[in-house]
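Structural overview for review
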Amino acid sequence: MRFFARRLAFYAFAVWVALTLNFLLPRLMPGSPIGGVLQRLSPSQIQANPGIIKTYQALLGGGSGSIWHDYVVYLHRLAHLDFGVSTSNYPSHVSAVIGRVLPYSIFLVGVAFILSFVLGTAIGMVAAWRRGGGFDSVIVPVFMALSAFPAFFTGLVAVYVLGLKLHWFPIQHAYDSGLVPGFNWAFLTSALRHSELPILVIVAAYAGGWVLNMRTVMINTVGEDYVAMAHAKGLRDRRVMTRYAARNAILPPLNGFAAQFAGAVGGLVFIEYVFSYPGAGLTLQQAALGNDYPLTQALLLVFALCVIAANFVMDLLNVLLDPRVRTG
Amino acid sequence: MTVALSTLPGEAAPVAERPVLEVEELVVEYASRSRTTRAVDGVSLAIAPGEIVGLAGESGCGKSTLGNAIMQVLRPPARIASGRVLFHGEDLVRLSGEQLRRHRWRNVSMVFQSAMNALNPVLRVSDQFVDMMRSHERVSKRDAVGRAGELLELVGIDRRRLRAYPHELSGGMRQRVIIAMALALEPELVIMDEPTTALDVVVQREILQQVRELQRARGFAVLFVTHDLSLLLELAHRVAIMYAGEIVEVAPAAALRDDARHPYTAGLLSSFPPLTGPVERLSGIPGSPPDLAAPPSGCRFHPRCPHCVPGDTALHRRQVAERPVLREVAPGHLVACHLVEEGL
Amino acid sequence: MSQLQPTIELAPATTPAARTRLRIPGWPALLLRNPKSRAGIVLVGFMVIVALIAPLISVSNPTDFNLLAARQAPSWHHLFGTTDQGSDIFSQVVLGARRSLVLGALAGLLATVLATTLGVLAAYSGGVVDEAVNFLTNVFLVIPTIPLLVVISAYLKSRSMGTMIVVLALTLWAFEARILRGQALSLKNRDFVLAAKVAGESTWRIVFGEIMPNMISRIAAAFVLVFYVSLLVDAGLEFLGLGDTTHVSWGMTLYWAQTNSAVLQGEWWPFLFPGLALVITVLGLTLILAGIDEVSNPRLRDEVRRRGFLRSLVLPVRRAA
């Protein structure tokens, strides 16, 4: 429990750092971002929302008050999930925009990340178990080569070859135009269909890392005495591989879980851009290009919170899978 | 200081019927791209039911490799190049994967060198017992756990420790757990590879005492591999001395202690102080074990042998050119040495 | 091959303690001997040569537009085809090599200096300093780099190369610092460091004279890692439209291809060639990294430490009494 208390304290601190970084970034930059925001709002919009300038001053700086005062107001706003109005989606609130796009991203990165983890570690496990065998010398290099490609380049090639030339997958957007998002069969199947290629590309880009990690650790684990003893005990080969070798070998790669996830979240920006997939990543890119600072700021916070959550999941998995962490 | 073991060295070995295990002309090689090393080179050894056979030698002489080869848990690049390992007359080297799996642990079990690493760190002790039992017989998990508890009590551990993870046990307890595991299926032979090396002297004595008691109560045979010859002289019925991949001398423990014939055995005996009596000068053996990839010609011990005097003598020519073979010098006492053959 | 074999030289046996010292032709030779890093060096070397001779083989102004020659597939006249503005893609790719290589190398250098100083000092000093640096790196690792860089690029008014180098180094140093700190921690309690401490050497002397030379391979590996990550991230940011539109680089060529929906129009050349240039560079650097790892694997590293030849490359070897 002490372990959890320490971790939670760390996460709380990390969240605070992310919040503060968000507060300081626009204030540290040369020029005033608030100017960029106000340029995009028409006088009538400002008139319709008398508080709008104050909100942005709190979020981005540029007000007359002291920085400490701004900081308090900023935290107060965030506590009420008030990120202001998105200038590029006027008059939608930032929180509404995020609420609309985030589910797509969570689905995409969630499925793809878990798939690449499961696939990658399974391949790494078998490759190390039959080291030097056909599987090890063919499948592993293929995944290594794929992961050496920048994700967006793999995406572009996939769009061109698998989508445009072979017509195997739809190549743009999250669902067929003409459908209205909602819980109905037509929409869900269309959404699933559209997510296939992006997921494939993410898996191709990130599974290789798991393959390599798992294979390296597993090769060492196979040489451990407890694996030899498991063999000597007359256990079936498959059981020795999974319950003795792989079960231990998975622990070190798992410690890279959060870092890998952070990488995948970053890659999401590129993948969504390539596929015009309307998730949080594409929205971040659009907001950054359109100087929609309130939206970029809020999205950065969301991304950071996702990675912090992934760290927490990693800790949970570690405790679940490694008894030494529990008692030690 | 030392706790005497309950067995006296001179205690008679069980009357040898058909051996449980026979190793015949076994050769184990480590092959790398550039060279091949013979870690075990033409070893023959038989173990009778209920017999404790000690296998001693310096580190790197191939004694652990021999143990692993008998258990068939050699790891690549090590492999059995030739020879046979017979269990009640059946050649283990020829068994198929599934036959071998069924044979292991049920017929021959093994206590591994390092208690620290032989247990899976992420599984409870009970799970490691259950895994093993259910790989060999149809038994409910409940019954398996029950039997595991009895086995733990047999080696003096509270059965509640079944729920523990290996890191929650002391080194001595872990080794006892492994011994309990090794006895679980009542095998006829238990290979013990330096089972107490990592433990402190007091715990070491307790465990050896226990092994001896269990062995007498249950009657299994033991192949006890260690570098500690003094320990074997107390524990074993018969002792084999290994040097550079070969067995150079085999004798009943008492005969070996009192009448070692091979200069290497004599060297080993003189490198530890007698347990009783005045401490004499320890002579030890000069030099270091040979490189097994390029072993010395003739008798492998000749470069270190105090009786190998360079000169134009027939003996020296034989020592550097001819491999000595094991010959019986007394009932049950075999030596591979040119000096013995020449009657010196 | 044989001339690359390390030559073993016995020190004059004046004292019984005289030990063998290994003299080797140095790092480049070691890396050239490893097949992976040799392949990597060939790939990266090729790119460096392309970058050097770029002005000789490209047209005078690669952003010139010529609507009559727009959207042409590769031909003898335009080896890599033309953009929708009719610019020559071959010229853009060869000139773009300059930005990627220079930016990657400088960002890698800056981040390495930061990470090495902080990581090694922290590990050596221990206590509060170590806790603080460790905490800081962990916090940095929690904030996702790409989104952070996207936001920073959005705020930045100037997206010049200098700015990007500083920004990339400041966001990527934490990865390196963590690796190097771990390595330094394991070296800290080795005999030779303890001996230097007992001999009363200053902290700086121990850190820079004893610890760092022994982790040269790790530092080099970390440098190569940041090198390729930053050139990749930079190209990625440009691809997203966050680059300087007046400049020629692989990322910008990709950006224009994406903005003009080249892929959807069935044009493969505007993204394939700059993409492949990126892949070749990154692959080359990854191979060098793999080679460094192999050359400095534990077994070899043990040998290195025992014989102290890495130290002798950096400092004249001092014999401990």
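Nothing here was measured: the structure is a model prediction, and the numbers come from that model. (Residues numbered from 1 in each chain as written. Chains lettered and ligands numbered in written order. Predicted model: local features only at pLDDT ≥ 70, side-chain atom pairs only at ≥ 80, totals over all residues. Heavy atoms only, no water.)

1. Topic: the overall build of chain A
Across its full length, chain A carries 16 helices and zero strands. Taken along its principal axes, the extent of the C-alpha atoms in chain A is 80 × 55 × 40 Å. The 328 residues of chain A split such that 53% are buried. If you take every contact in chain A between residues at least 6 apart in sequence, the share linking residues at least 24 apart comes to 72%. In the structure as shown, chain A presents an accessible area of about 14,200 Å², 67% of it carried by carbon and sulfur atoms. Here chain A carries 21 positive and 12 negative side-chain charges, and the mean point of each set is 5 Å from the other. (Helix = DSSP H or I, 4+ residues; strand = E, 2+ residues; numbered from the N terminus. Buried < 20%, exposed > 50% of the residue type's maximum accessible area, 1.4 Å probe, protein only. Contact = heavy atoms within 4.5 Å. Areas by Shrake-Rupley, 256 points an atom, 1.4 Å probe, with all protein chains shown as cover. Lys, Arg positive; Asp, Glu negative; His and termini not counted. Charge placed at Lys NZ, Arg CZ, Asp CG, Glu CD.)

2. Looking at helix H3 (residues 125–136) of chain B
Between its terminal C-alpha atoms H3 of chain B stretches 18 Å, which fits the 16 Å expected from twelve residues at 1.5 Å a residue. In terms of burial, H3 of chain B is largely enclosed, as eleven of its twelve residues are buried. Those residues of H3 of chain B lying buried are Val 125, Ser 126, Asp 127, Gln 128, Phe 129, Val 130, Asp 131, Met 132, Met 133, Ser 135 and His 136 of chain B. Here the buried face of H3 of chain B lies against helix H11 (237–249) of chain A together with helix H2 (97–103), helix H4 (141–154) and helix H5 (171–183) of chain B. (Expected span 1.5 Å × (residues − 1).)

3. Section: the interface of chain A and chain C
Of the residues lining the interface, 45 residues belong to chain A; the matching set on chain C comes to 40 residues. Together chain A and chain C conceal approximately 3,800 Å² of surface at their shared face, both sides included; 84% is due to carbon and sulfur atoms. Applying the counting rule to chain A against chain C returns four residue pairs in polar contact (both at pLDDT 80 or more). Counting residues per element, the ones that place at least two in the side of chain A that touches chain C are helix H1 (2–28), helix H8 (151–165), helix H13 (257–274), helix H14 (280–289) and helix H15 (293–321) of chain A. (Buried area = accessible area lost by both parts, 1.4 Å probe. Polar contact = N/O pair within 3.5 Å; in protein donor to acceptor, adjacent residues only side chain to side chain.)

4. Describing the packing of aromatic side chains
Applying the stated criterion to the full structure yields 30 aromatic pairs over all chains. Linked through ring pairs, Phe 4, Phe 10, Tyr 11, Phe 13, Trp 16 and Phe 312 of chain A together with Phe 135 of chain C together constitute an aromatic cluster. (Phe/Tyr/Trp six-rings, centres within 6.5 Å; stacked < 30°, edge-to-face > 60°.)

5. With respect to the nonpolar core
Grouped together as the largest cluster of nonpolar side chains are 194 residues, with contacts concentrated most on Met 218 of chain A together with Ile 211 of chain C. Here this core takes 16 residues from helix H6 (residues 94–129) of chain A, the largest share from any one element. Among the nonpolar cores identified, the runner-up in size contains 102 residues, and Val 111, Met 133, Leu 208 and Ala 251 of chain B belong to it. (Core = buried A, V, L, I, M, F, W, Y, C linked by side-chain atoms within 4.5 Å.)

6. So, the sheet that holds strand S9 (residues 238–243) of chain B
All names here are of chain B. The eight strands lie next to each other as S6-S7-S8-S3-S9-S10-S12-S11, forming an open sheet whose pairing is mixed. The open sheet is flanked by strand S6 (108–111) and strand S11 (327–330), the only strands paired with a single partner. For this sheet, the mean angle separating the axes of adjacent strands, direction not counted, is 25 degrees. The pairing of S11 with strand S12 (residues 333–335) spans three bridges and is antiparallel. (Pairing = 2+ DSSP bridges. Axes fitted to C-alpha atoms, helices over the stretch in contact; angles between N-to-C directions.)

7. Section: the pattern of salt bridges
Residues and elements named next belong to chain A. The tally for this structure, following the rule as stated, stands at 35 salt bridges over all chains. Salt-bridge contacts for Asp 315 lead to Arg 7; the nearest nitrogen and oxygen are separated by 2.8 Å. In this pair, Asp 315 is assigned in helix H15 and Arg 7 in helix H1, connecting sequence segments 308 residues apart. For the salt bridge of Arg 324 with Asp 322, the shortest nitrogen-to-oxygen distance reads 3.1 Å. Residue Arg 324 is classed as partly exposed on the basis of its relative accessible area, which comes to 34%. (Salt bridge = Lys/Arg side-chain N within 4 Å of Asp/Glu carboxyl O.)

8. A look at the pairing of strand S8 (residues 221–226) of chain B
Residues and elements named next belong to chain B. Among the six residues of S8, six are classified as buried, and the element is accordingly described as predominantly covered. Alternating positions in S8 separate into two faces, Ala 221, Leu 223 and Val 225 on one and Val 222, Phe 224 and Thr 226 on the other, with burial throughout. In terms of strand pairing, strand S7 (residues 189–193) meets S8 through five bridges, oriented parallel. Note that in S8 the partner of Met 192 across the bridge is Phe 224. In this view, the connection linking S7 to its parallel neighbour S8 by way of helix H6 (residues 201–218) has right-handed handedness. (Right-handed = clockwise from strand over helix to strand, strands pointing away.)

9. Digging into the packing of H8 of chain A against helix H11 (residues 269–295) of chain C
H11 of chain C packs onto H8 of chain A with a crossing angle of 145 degrees between their chain directions and a minimal axis gap of 10 Å. In this structure, H8 of chain A crosses over H11 of chain C, and the sense of that crossing is left-handed. Contact with H8 of chain A, carried on its side by Phe 152, Phe 153, Leu 156, Val 157 and Tyr 160 of chain A, involves Phe 271, Leu 272, Gly 275, Leu 276, Leu 278 and Val 279 of chain C of H11 of chain C and no other residues of that element. Of the residues belonging to the contact of H8 of chain A with H11 of chain C, the class tally is ten nonpolar, one polar and no charged. (Left-handed = near helix turned anticlockwise from the far one by under 90°. Nonpolar A, V, L, I, M, F, W, Y, C, P; charged D, E, K, R; others polar.)

10. So, the layout of surface pockets
By volume, the second largest pocket is sized at about 870 Å³. For the second largest pocket, the lining is made up of 29 residues, of which His 231 of chain A together with Val 73, Leu 74, Arg 75 and Pro 76 of chain B are closest to its centre. Mapped by element, the contributors of at least two residues to the lining of the second largest pocket are H6, helix H9 (185–222) and helix H10 (225–232) of chain A together with strand S4 (78–87) and H2 of chain B. A total of four residues in the lining of the second largest pocket trace back to one element, the largest contributor, which is H2 of chain B. Classifying every residue of the lining of the second largest pocket by side-chain character gives 17 nonpolar, four polar and eight charged. (1 Å grid on protein atoms, 1.4 Å probe; cavity = no way out; pocket = protein on both sides within 12 Å on 5 of 7 lines; lining within 4 Å. Points joined across faces, edges and corners; volume = space filled by probe spheres on them.)

11. Remarks on the domain arrangement of chain B
Residues and elements named next belong to chain B. Taken domain by domain, chain B comprises domain 1 (18–107 + 187–289) and domain 2 (121–184). One C-alpha centre belongs to domain 1, the other to domain 2, and the line joining them spans 26 Å. In this assembly, 17 residues from domain 1 lie in contact with 15 residues from domain 2. Summing both partners gives a buried area of about 1,500 Å² for domain 1 against domain 2, and 61% of it is carried by carbon and sulfur. Applying the counting rule to domain 1 against domain 2 returns two salt bridges. A salt bridge links Glu 137 to Arg 106; its shortest N-O distance comes to 2.8 Å. For the pair domain 1 and domain 2, the number of links is eight residue pairs in polar contact (both at pLDDT 80 or more). Elements with a contribution of two residues or more to the side of domain 1 that touches domain 2: H2 and H6. Here the element with the most residues in the side of domain 1 that touches domain 2 is H6; it accounts for seven residues. Looking at the side of domain 1 that touches domain 2 residue by residue, the classes come out as ten nonpolar, one polar and six charged. (Domains from an automatic or database assignment.)

12. Digging into the confidence of the model for chain A
Per-chain confidence: chain A averages 84 in pLDDT, with 90% of residues scoring 70 or above. Least confident of the elements in chain A is helix H2 (residues 33–40) of chain A, whose mean pLDDT is 65; most confident is H11 of chain A, at 93. (pLDDT = per-residue confidence, 0-100.)

13. Considerations on the confidence of the model for chain B
Averaged over all residues, the pLDDT of chain B is 85; the fraction at 70 or higher stands at 90%. Counting contacts from residues 1–11 of chain B, a segment whose pLDDT is below 50, to residues more than four positions away or on other chains yields 20 contacts.

14. Overview of the environment of Gln 265 of chain C
All names here are of chain C. Position of Gln 265 relative to the elements: it lies in the loop between helix H10 (250–259) and H11. Between the alpha carbons of Gln 265 and Arg 99 there is a distance of 28 Å; along the sequence they are 166 residues apart. If sequence neighbours within four positions are ignored, Gln 265 has contacts with Arg 71 and Asn 260.

15. Focus: the interface of chain A and chain B
Taken together, the contact between chain A and chain B spans 25 residues of the former and 27 residues of the latter. Each partner contributes to the roughly 2,400 Å² buried at the junction of chain A and chain B, and carbon and sulfur atoms together form 55% of this total. In this assembly, chain A and chain B are joined by three salt bridges. Across the pair Arg 75 of chain B and Asp 225 of chain A runs a salt bridge, and its minimum N-O distance is 3.8 Å. Elements with a minimum of two residues in the side of chain A that touches chain B: H10, H11 and helix H16 (323–327) of chain A. A breakdown of the residues in the side of chain A that touches chain B according to their chemical character gives ten nonpolar, five polar and ten charged.

16. Considering the packing of H6 of chain A against H9 of chain A
Residue and element names in this part refer to chain A. Two elements in contact, H6 and H9, have axes whose closest approach is 4 Å; the angle formed by their N-to-C orientations is 35 degrees. For the pair H6 and H9, the sense of crossing is right-handed. By residue class, the composition of the contact of H6 with H9 is 28 nonpolar, five polar and one charged.

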